[in-house]
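# Summary of structural features
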Amino acid sequence: MSIHAYYEGDDDPDKCTARRLERFDRAILHRTMSGVPYGVVLNPHAERALSPADVADGLGTLVALDCSWESAEEASFSMNGVHRALPFLVAANPVNYGKPFQLTTAEALAAALVIVGEREHAELLLEPFRWGETFLTLNEEPLRRYSECKDSSEVVAVQEEYLAEE
């Protein structure tokens, strides 16, 4: 699966996981919206959850928007593609450790890879981060369960179980 990120450059460059992914040849960064290829766009404002069915439809490109949480408004996600939201997961990065839905770009991309059945690719993607393995361990059960779902509605049903526990 091809990994891409639209880079807005509004985060601290030293903490930017998308830039680190690019530096380690794990993702392709785009600095203009027109350069971003068509694919599955990770969008927290999307109406449907990401599921294994999304890649079963032949979409082999995964796209994330790399920006600060303060500027991650719905208007920022105007990229072409099939927009999907990630289900409930907990961050393992040092800035947002333990916070639900506050994932870095690298965590979001890795989670998406696991959900669509590419766990080894997710592990490779997270290698440059000392907390990468922690992210996969911390979210092991929900990621496994989401990856076993056949479609978005099943993913949402599993997510609701986790949200009820919170």
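In this report, we go over the structure that sits alongside the text.

Thresholds applied
Residues numbered from 1 in each chain as written. Predicted model: local features only at pLDDT ≥ 70, side-chain atom pairs only at ≥ 80, totals over all residues. Heavy atoms only, no water. Core = buried A, V, L, I, M, F, W, Y, C linked by side-chain atoms within 4.5 Å. Buried < 20%, exposed > 50% of the residue type's maximum accessible area, 1.4 Å probe, protein only. Helix = DSSP H or I, 4+ residues; strand = E, 2+ residues; numbered from the N terminus. Contact = heavy atoms within 4.5 Å. Salt bridge = Lys/Arg side-chain N within 4 Å of Asp/Glu carboxyl O. Phe/Tyr/Trp six-rings, centres within 6.5 Å; stacked < 30°, edge-to-face > 60°.

L42, L50, L62, L86, L109, L126 and Y146 are the most contacted members of the largest nonpolar core, which has 41 residues in total. Listed by contribution, the elements that provide at least two residues to this core are β3 (40-42), β4 (61-66), α3 (105-115), α4 (119-126), α5 (132-138), α6 (140-147) and α7 (152-165). Per-element tally for this core: the top contributor is α3, with 9 residues. Once residues within four sequence positions are removed from consideration, L109 is found in contact with I3, H4, L21, L42, L62, V63, A64 and L125.

Next up on the list: the pattern of salt bridges. Here the structure, examined in full by the defined rule, presents 7 salt bridges. Between E123 and R119 there is a salt bridge, with the nearest N and O atoms lying 3.1 Å from each other. Linking E123 with R119, this pair stays in helix α4, spanning 4 residues, or about one helical turn. Among the residues examined, E123 registers a relative accessible area of 37% and is labelled partly exposed. Taking the relative accessible area as the measure of exposure, R119 reaches 33% and is therefore partly exposed. Residue E148 is joined to R144 by a salt bridge in which the shortest nitrogen-to-oxygen separation is 3.3 Å. Take R144: its relative accessible area is 42%, and that puts it in the partly exposed class.

The next subject is the packing of aromatic side chains. Each aromatic ring pair is described using two quantities: the centre-to-centre distance and the angle formed by the ring planes. Per the counting criterion, the structure on display carries 4 aromatic pairs. Seen in terms of ring centroids, F88 and F101 are 5.7 Å apart; in terms of plane orientation they differ by 80°. Their pairing is edge-to-face. Residue F88 is found in the loop between β5 (82-84) and α3, and its partner F101 is found in the loop between β5 and α3; the two are separated by 13 residues along the sequence. Looking at F101, the relative accessible area reads 36%, which means it is partly exposed. Ring centres of F88 and Y162 lie 6.1 Å apart, and the angle between their planes is 15°; on these two criteria the pair is classed as stacked. Residue F88 is found in the loop between β5 and α3, and its partner Y162 is found in helix α7; the two are separated by 74 residues along the sequence. Each of the two residues, F88 as well as Y162, counts as buried. Three or more aromatic residues joined by ring pairs form one cluster here, namely F88, F101, Y146 and Y162.

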